[in-house]
Amino acid sequence: MSQLERSLLARVAMCPDGGSVSAESLVPWIWGDDPPSSARNRVQALVSGLRRKGRERSLIETTKTGYRLADDVRSDCDEWHELTAGEGDAADRWSRLSMAVQLFSGPPLQNIPSTDDVHLAQETLAGERLNVIEECNELALQLGELRGLTTRLTALVQEQPFHETFAAQLMRVLARTGRQEEALRVYRDIYHRLDQELGVAPSEVLRVAHQDVLNGVQAAEASSEAVTVEAEPHEAVPEPPPTAPPTEAPDPTFTPSTLTAVSQLPVPRTLPRDPSHFVGRDYETTYIHQAAKRATAEAVVVTITGLTGVGKSALAIRATREVQDAFPDGTLYADLGNTDGLDVSGILGSFLRLLGVRTRAIPEDVTARTGLFRSILEERRVVIVIDNLPEITPPVAECLEQVLPVSAGSLAVVTSRGIDMEVEDWSSIRLRSLEIDDARALLGRLIGDDRVAADPEGATALLTATGRLPLAIRLVAGRLAHRPDRQFGPMAQRLLFTPAGSRDALDGLRKSVQMVWERRTEDEQRAIALIAHLPLSGISGWMPGTILHDEDDGDDLVETLLATNLIEPVERDNERTIYRLHSLVAQFARAQHPIDDATQHEAITDLGRDLLRRASSFHNSFHRRFVPAAPPMPDDQAPVQPTADVAVARAFFRADGRAMLTIAEEVADSVPELSWRLLVAAANAQHTFAGHGSWLGVASTVRERLDSASSDQQLGRALLQLAEAWHRQDLRSESREALSAAGAARKALTLLGANRAAAAADIVTAQAALSLGRRQLVEAALTRAEGLLTGSSDPTYAGWASTVRGVMHNDYDELEAADHELMRARELLATDGDRIAYATATIELARVTWRQHHLGSVNVLLSEVTTLLQDLGEQHLLSYALDARSEMSYQLGRDEDALHESEIVWRRAVDSQDLFLAARARRTRARALAAIGRLDEAEEELRESIEECTALDRPLSVAAAMHDLSVVLSKQGQHAAAGELRRQERAARASADLAAREEFDKAFGRQVEDVADPATL
């Protein structure tokens, strides 16, 4: 969820009692004094995005006045108000307020853009929280609920140094636990702060608390409650070692009598100071909170592993402090400093002393110490943090077990650079680099948000150079804070290209990486360096096996790199996991272990060949197969073994399609026959792994390099032109460019004798010509394609030809012929062939069936195709199915549904860069707006639709939008302008051979209700 979406959702959630918030008030909340153009549309887009991310559960509902949370959605604001509202007896009120305080344990409204409205809300909520905390503390004092109160009040006084009530409450609880001297020290400290910094005297509440402490009032109250109230612990002073050894050696075997040597020391809370400017890590923090809850039923160990500087210790300390109140018997912390060797005996001795065992009573034998430690923990609830272990191998894990809890009630958190795959039974968090938004927020807190906002591109480059490691960002920020003149971009370049032996802000981090590097074998170092030299942003798990020429060696390498966190798994939605060498590791590996050009080229070519073989095996199982399969490499005689699993095929292209483009561009000069084959093999799936522009850009570059007269390169050029034409027509609605590319491809493919591919080019020609209103060219191209396909057993192109012919008949109101062709296409493609052709035929048949007024069949067809496209993950064509459904909603008079559905389609079209679909969705939205009386908005949308359809040379769509706009203008009383639009509409219809108004009405169904010009009555 983006920051803007979180901001909108937070504002809606703050509305009390199911109230709603208007779009107008959301604009300053989200964007402050600098709203974007069309801010209202942006708000609608954010709402649509939230609804889409909610999937089957609707988060936000639209009301007459704006937006509200859905009835079944609960917010923490609702729970806060329920817990803090009402009265009741003191015990019940204290219990409810305690839960409320736990609910808002940190600052409110975090990770959203900071605007004036948000800042005001943050201050208001923070003030409410302080008031509740104040009342909760007062009730705790009245009820004698003193456990943990001193710790909480001490922290509050530090956070709010001028809050006199908190200081008074701290004085009272200290006095009631027999710590009058500390209570008086609190009074002296705040007295001096108020006098020196504010120039005011203490308030009545402080003076009364001071007088009570002096008179012993609180101490008297404490004595009456001594039976039930346990004294609050205070800072412990460790017992000094004995001056002489005991006269008798202690028995190493622990017995229950040893407990008599346990003194009543304060509860140990030994965590170091919280890291400043902690950002992100919401999932990981929640994970540790959940582990703390599980600890009530079992002993839980959580390991946090990650690369040096990724923030393992910061997360462990921050999250442990947040949950330590659930462990009333102590927080034990040991920092091992990433040194080799695990001093179990020393750690146990330190922990036992903190738990109150006197030094002389601690056994010398490690086994006896372990037994004593476990016996004490048997009846206590503690949280243990073991920080900065170098690596957790099975032997290290076995030793570590001696200082970890074994019985229910306690939690342990262990941080390390890596953990062996064989270490089981521990919950594991693999900490990765910060998300870019969190990294930018951290940089802004360290050097100022204004400075980051002034150069967002430079900031992104700098954060990328640091690998988005929190420690690296802090180190770089330290340099920037002292040098306001230093620019982000040059500093990023310096970090990326620092020569070996040079020093920069990340020098210390590189030394830590070197410690991990030196633990690897020579073969592992060479393999890591080879991966670091690849021109890929990520690798699939099978790729190391290819470049090492051994699948088992590749698997072993991946497991080693994962265990040591030198690579990060990158998991994208609906994609197979790929792995990425951390940028800092990659830089280090390239500097430490250079790879010569020949070895690099061999590895890249091997990968490209393997990618081609794998992609070719998926051609007939992939649901799009319009572009013909790439032929095998000339020197590759091994037959391709087809893979029938559709899901595996989709996962392959999503994960490895980007690598196919990168390697195709990399070897365009050296191995052109591999380059163009990789692009052709990826063509049918390119929309699943990259933007259309990415594939088209690489294809254009490679096609220019195919300048030889060899038949192989001529075939490559022609097939790339065919794929380009299809992409431009099918995915981008660029019909003029598609028509030109398809014509050139058809000529070349015909000369090369590639008849099926030439037929495919004719089909693209027909599609583009139909979009441009050139019917004769459509029919000629389809006739030519059907002739080339005579005798072909593959139904794909025959089905496409019938689909295009059916669309043509529908566009020109020849409904029976359209129905026949589209049903024939569905029959051809029902069991085999291109599933996208089948889905396209189904969508178009639904439009024809709707025009024939068979509404029940329309719904069946649209439901079928929607399910099919969702199963295939085909978001682009699914948008067209949703567009057809929004049109049907409008025709049935469900205007609000049509409005909502068309908004979704428009957003999807914009995201996929489909200009024609965006224009169509605008028109449907405008018609729905006009139907519900929002004429000004309808006019604006229709004018935009006319401009977009004109730019795309879509005369029928221009005519339809002009007609609707003329009606809207008539309703607004602009009859002269409406009359001019009708004249232009007739000209547009004439250019598409659809001149009769009656034909036009039949073609487009329900129209916006017209209003006659009074002058014509």
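Residues numbered from 1 in each chain as written. Predicted model: local features only at pLDDT ≥ 70, side-chain atom pairs only at ≥ 80, totals over all residues. Heavy atoms only, no water.

From N to C terminus, the chain includes 46 helices and 9 strands. The 1017 residues of the chain split such that 52% are buried. Contacts in the chain between residues at least 24 apart in sequence constitute 71% of all its contacts with a sequence separation of at least 6. Only carbon and sulfur atoms are counted for the fraction: they give 50% of the accessible area of the chain, which is about 45,600 Å². (Helix = DSSP H or I, 4+ residues; strand = E, 2+ residues; numbered from the N terminus. Buried < 20%, exposed > 50% of the residue type's maximum accessible area, 1.4 Å probe, protein only. Contact = heavy atoms within 4.5 Å. Areas by Shrake-Rupley, 256 points an atom, 1.4 Å probe, with all protein chains shown as cover.)

Within the largest apolar cluster, 162 residues are counted, with the highest numbers of intra-cluster contacts made by Leu411 and Leu722. In this structure, Ile133, Ala140, Leu149 and Ile190 belong to the second largest nonpolar core, which totals 34 residues. (Core = buried A, V, L, I, M, F, W, Y, C linked by side-chain atoms within 4.5 Å.)

Once that is clear, we can look at the packing of helix α27 (residues 597-617) against helix α29 (residues 672-683). Contact geometry for α27 and α29: axes closest at 10 Å, N-to-C directions at 35°. For the pair α27 and α29, the crossing hand works out as left-handed. Between α27, through Thr605, Gly608, Arg609, Leu611, Leu612 and Ala615, and α29, the contact on the second element is made entirely by Leu674, Arg677, Leu678 and Ala681. Grouping the constituent residues of the contact of α27 with α29 by class yields 6 nonpolar, 2 polar and 2 charged. (Axes fitted to C-alpha atoms, helices over the stretch in contact; angles between N-to-C directions. Left-handed = near helix turned anticlockwise from the far one by under 90°. Nonpolar A, V, L, I, M, F, W, Y, C, P; charged D, E, K, R; others polar.)

Quick look at the pattern of salt bridges now. Taken as a whole and assessed by the stated rule, the structure comprises 49 salt bridges. One salt bridge in this structure joins Arg321 and Asp274, with 2.7 Å as the shortest N-O distance. Of this pair, Arg321 sits in helix α13 (residues 312-323) while Asp274 sits in the loop between α11 (217-224) and α12 (282-294), and the two are 47 residues apart along the sequence. We classify Arg321 as partly exposed; its relative accessible area is 28%. We classify Asp274 as partly exposed; its relative accessible area is 25%. (Salt bridge = Lys/Arg side-chain N within 4 Å of Asp/Glu carboxyl O.)

Here we come to the confidence of the model for the chain. Mean pLDDT for the chain: 83, with 89% of residues reaching 70 or above. Scored below 50 in pLDDT, residues 223-263 makes 47 contacts in the model with residues more than four places away or belonging to other chains. (pLDDT = per-residue confidence, 0-100.)

Applying the stated criterion across every chain, the model contains 5 cavities of 30 Å³ or more. In this structure, the largest cavity occupies an estimated 1,000 Å³ of space. Lining of the largest cavity is provided by 43 residues; of these, Val807, Asp811, Glu844, Phe916 and Arg920 occupy positions nearest its centre. At 7 residues, the largest contribution of residues to the lining of the largest cavity is made by helix α38 (residues 835-851). Class assignment for the residues of the lining of the largest cavity results in 18 nonpolar, 13 polar and 12 charged. (1 Å grid on protein atoms, 1.4 Å probe; cavity = no way out; pocket = protein on both sides within 12 Å on 5 of 7 lines; lining within 4 Å. Points joined across faces, edges and corners; volume = space filled by probe spheres on them.)

Another point: the packing of aromatic side chains. Considering all chains together, one arrives at 10 aromatic pairs under this definition. Where Phe626 meets Tyr797, the ring centres are 5.6 Å apart and the plane angle is 90°; that geometry is what we call edge-to-face. Separated by 171 residues along the polypeptide, Phe626 in the loop between α27 and α28 (646-666) and Tyr797 in helix α36 (residues 795-811) bring together distant segments of the chain. When its relative accessible area of 0% is taken as the criterion, Phe626 is described as buried. The buried category is assigned to Tyr797, whose relative accessible area is 1%. For the ring pair Phe652 and Phe653, a centre distance of 5.2 Å and an interplane angle of 75° mean the geometry is edge-to-face. Considered together, Phe652 and Phe653 belong to a single accessibility category, that of buried residues. An aromatic cluster is present here, built from Phe618, Phe622, Phe652 and Phe653 joined pairwise through their rings. In this structure, Arg614 packs its charged tip against the face of Trp542, placed 3.9 Å from the ring centre. (Phe/Tyr/Trp six-rings, centres within 6.5 Å; stacked < 30°, edge-to-face > 60°. Lys NZ or Arg CZ within 6 Å of the ring centre and 35° of its normal.)

At Arg281, a residue that is not glycine, the phi angle is positive and equals roughly 60°. Counting through the fold element by element, Arg281 comes out in the loop between α11 and α12. Taking the relative accessible area as the measure of exposure, Arg281 reaches 9% and is therefore buried. Backbone geometry at Arg468 places phi at a positive 55°, although glycine is not the residue there. Following the sequence through the fold, Arg468 ends up in the loop between α19 (456-465) and α20 (470-482). On the basis of relative accessibility, which here comes to 24%, the residue Arg468 falls in the partly exposed class.

Right, let's talk about the sheet that holds strand β4 (residues 331-335) for a bit. Pairing within the open sheet is parallel, and its 5 strands lie in the order β4-β5-β6-β3-β7. Looking at strand neighbours, the two that pair on one side only are β4 and β7 (427-430), the edges of this open sheet. Taking each pair of neighbouring strands and ignoring which way they run, the sheet shows an average axis angle of 15°. Where strand β5 (residues 383-389) meets strand β6 (residues 411-416), 5 bridges bridge the pair, whose relative direction is parallel. Pairing of Leu389 across the sheet is with Ser416, part of β6. (Pairing = 2+ DSSP bridges.)

The next thing to look at is the environment of Gly32. The topology assignment puts Gly32 in the loop between α2 (23-31) and α3 (39-53). Residue class for Gly32 comes out buried when judged on its relative accessible area of 17%. Residues Gly32 and Val118, spaced 86 residues apart in sequence, show a C-alpha to C-alpha distance of 8.7 Å. Ignoring sequence-local partners within four residues, the contact set of Gly32 consists of Val27 and Thr115.

Further remarks concern the packing of helix α32 (residues 711-730) against helix α34 (residues 755-771). Direction vectors running N to C along α32 and α34 enclose 30°, while the axes themselves pass 10 Å from each other. It follows from the interaxial angle that α32 and α34 lie roughly parallel. Read as a crossing pair, α32 and α34 show a hand that is left-handed. In this structure, α32 contributes Leu719, Leu722, Ala725, Trp726 and Gln729 to the contact, and α34 contributes Ala757, Ala760, Ala761, Val764, Gln767, Ala768 and Ser771. When grouped by side-chain class, the residues that make up the contact of α32 with α34 number 9 nonpolar, 3 polar and no charged. (Parallel < 35°, antiparallel > 145°, perpendicular 65-115°, else oblique.)

Per the UniProt record, "coiled-coil region" (unreviewed entry) is found at residues 921-948. Taken end to end, residues 921-948 is 89% helix and 0% strand, and its first and last C-alpha atoms sit 11 Å apart. (UniProt positions renumbered as here; feature names shortened; annotations may be inferred.)

Extensive coverage of helix α23 (residues 522-532) is indicated by the burial of 8 of its 11 residues. Within α23, the full set of buried residues consists of Glu524, Gln525, Ala527, Ile528, Ala529, Leu530, Ile531 and Ala532.

Let us look at the environment of Leu83. Structurally, Leu83 is set in helix α4 (residues 76-84). Taking the C-alpha atoms as reference, Leu83 lies 9.1 Å from Ser95; in sequence the two are 12 residues apart. Leu83 has contacts with Arg93, Arg96, Leu97, Met99 and Ala100, leaving out every residue within four places of it along the chain.

Moving on, we get to the side chain of Asp834. For Asp834, the position within the fold is in the loop between α37 (815-829) and α38. Those residues in contact with Asp834 that sit more than four places away from it in its chain are His623, Arg624, Arg625, Phe626, Thr796, Trp800 and Leu829.

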